[in-house]
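An overview of the molecular structure
Below, each chain spelled out in residue letters.
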Amino acid sequence: MITEKPGLMEEVRGRFAHVDTCPITGPRIFFENAGGALTLKSVVETSATYAAIPDNQGRDNPASKELMRVIGQAKADMRTFFNVAGGQLFVGESGTEVLFRLIRSAVNAVPEGGKLLGSTLEHPASRSAMGYWAEKTGREHILVAHDDATGTVGVEAYRKALSADLRVATILHTSPVTGMSVDVPAIAKAIREAAPGCLIIVDGIQHASHGHIDIDSYGIDGYAISPYKVFSRHGYGIGWASDRLTALPKEQLRGGPAENWELGTRDTGAYATFSNVVDYFAWLGGHFTGSGDKRARIEAAAKAIHAHEKTLTDAMLYGTGNLKGLSELPGVGIIGGIENPAREGLVSLTVEGKEAADVVAALNDQGIRTHTRKADHYSGNVLDPLGLPSAVRVSLCHYNSLEEVAQFLAAMAEIADAG
């Protein structure tokens, strides 16, 4: 959809820093978006502006009051982006830290006994936190097995593990290894039916840049993202906690507001840069809807992003022009299968007879940035069952072009033929 609007692709790319050039090595194609998306130029400018302001929040002076206004606006923008009316939105150290805090608070506040529930698909940001607190509180941590063939986990797999004594459950929205999404509303509904009191926390870190978030439709209690993976910068994470979770005992300054999740003074620039992200989504969506409503524009942007990224991943898999797709190249394997409707802007692959690191290096030599996923504490949960020591992750975003995919396929044809 983006390419159907004359000049829009150029406008989109023009809003991002280093869209086609690495500041260290020079010209390059960026297919390492799952490791951290490109940064909006507006975010770079905003970061510099707020880094230079000496005044602190909560003081009786005009500068301080302006900082508080900016934070208030950012929280309103976050509500619009997440589509959530209640609960509390807050900024933490990182998406991983936010998940650890939400999980720690939930597990320690629920009634004693019972079980904790997650899946083998999950990133260690949630899985490690749940495992740690399961041991500390003497609870069983049940892990629902994901499907190795599809690279995702469905509601029926969860159903087999459901019971009335579930206390806390975690769900991964999208896998950063397979690139496959999960049906969060269906899984959350099934958990609620079995254990109405169970607190449900979702890792949305990988999902945020590829599709819209609609917390009010999920029936959950916690959600976390890492803004550097959705066009902002490193140094902060964003969390949302339901009113139910917020009302439970949690770590906080004694005597402070009961609903407060933040510990200490957070960076005003972090809040302000997320407003930049929301404004960008609204700007993009404005090309696909005549509505002046910001949420409607965000939803329109999400649809356009999904459509464009599907076009790009289809071209990667099936080919474009006279170039063969990955599915046709000799010795190339696709994790999660070739035809998979759950895929979100990511293709993880192997090349028979070649180490993943060597493939990544060969692509780097041609100015194409990808990443090696090893069977370590980050990705072993997916790669070990497949018998793979490593894989090549090719992750794209809506600012990537079909021309970039074509260059990638040409390079991959050379690499595959050289085997």
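Preceding this paragraph is the structure being described.
Residues numbered from 1 in each chain as written. Predicted model: local features only at pLDDT ≥ 70, side-chain atom pairs only at ≥ 80, totals over all residues. Heavy atoms only, no water.

Attention now moves to empty space enclosed by the protein. Here the structure, examined in full by the defined rule, presents one cavity of 30 Å³ or more. Of the voids in this model, the largest cavity is the one considered here, and its volume is about 30 Å³. Lining the largest cavity are L121, E122, H123, P124, S175, P176, V177, Y378, N381 and V382. Looking at the lining of the largest cavity residue by residue, the class counts come to six nonpolar, three polar and one charged. (1 Å grid on protein atoms, 1.4 Å probe; cavity = no way out; pocket = protein on both sides within 12 Å on 5 of 7 lines; lining within 4 Å. Points joined across faces, edges and corners; volume = space filled by probe spheres on them. Nonpolar A, V, L, I, M, F, W, Y, C, P; charged D, E, K, R; others polar.)

What follows is about the sheet that holds strand β14 (residues 346–351). A sheet is described by the order of its strands in space; here four strands give the open sequence β13-β14-β17-β16, paired in antiparallel fashion. Each having just a single partner strand, β13 (332–334) and β16 (371–374) make up the two edges of the open sheet. Strand-to-strand, the axes of this sheet are offset by a mean angle of 40°, without reference to chain direction. The sheet contacts of helix α11 (residues 356–365) involve β14, β16 and β17 (390–395), and relative to β17 the element is tilted by about 35°. (Pairing = 2+ DSSP bridges. Helix = DSSP H or I, 4+ residues; strand = E, 2+ residues; numbered from the N terminus. Axes fitted to C-alpha atoms, helices over the stretch in contact; angles between N-to-C directions. Contact = heavy atoms within 4.5 Å.)

Let's shift gears to the pairing of strand β9 (residues 222–225). Along β9, one buried face is formed by G222 and A224 and the opposite face, lined by Y223 and I225, is buried too. Where strand β8 (residues 199–203) and β9 come together, three bridges link them in parallel fashion. Bridge pairing in β9 places V202 opposite Y223. Bridging between β9 and strand β10 (residues 237–241) involves four bridges; their strand directions are antiparallel. (Buried < 20%, exposed > 50% of the residue type's maximum accessible area, 1.4 Å probe, protein only.)

We now examine the pairing of β10. The element β10 is largely enclosed, with a buried count of five among its five residues. Residues G237, G239 and A241 of β10 are buried on one face, and the alternating residues I238 and W240, pointing to the opposite face, are buried as well. Pairing between strand β4 (residues 88–92) and β10: five bridges, direction antiparallel. Note on β10: the bridge partner recorded for V91 is I238.

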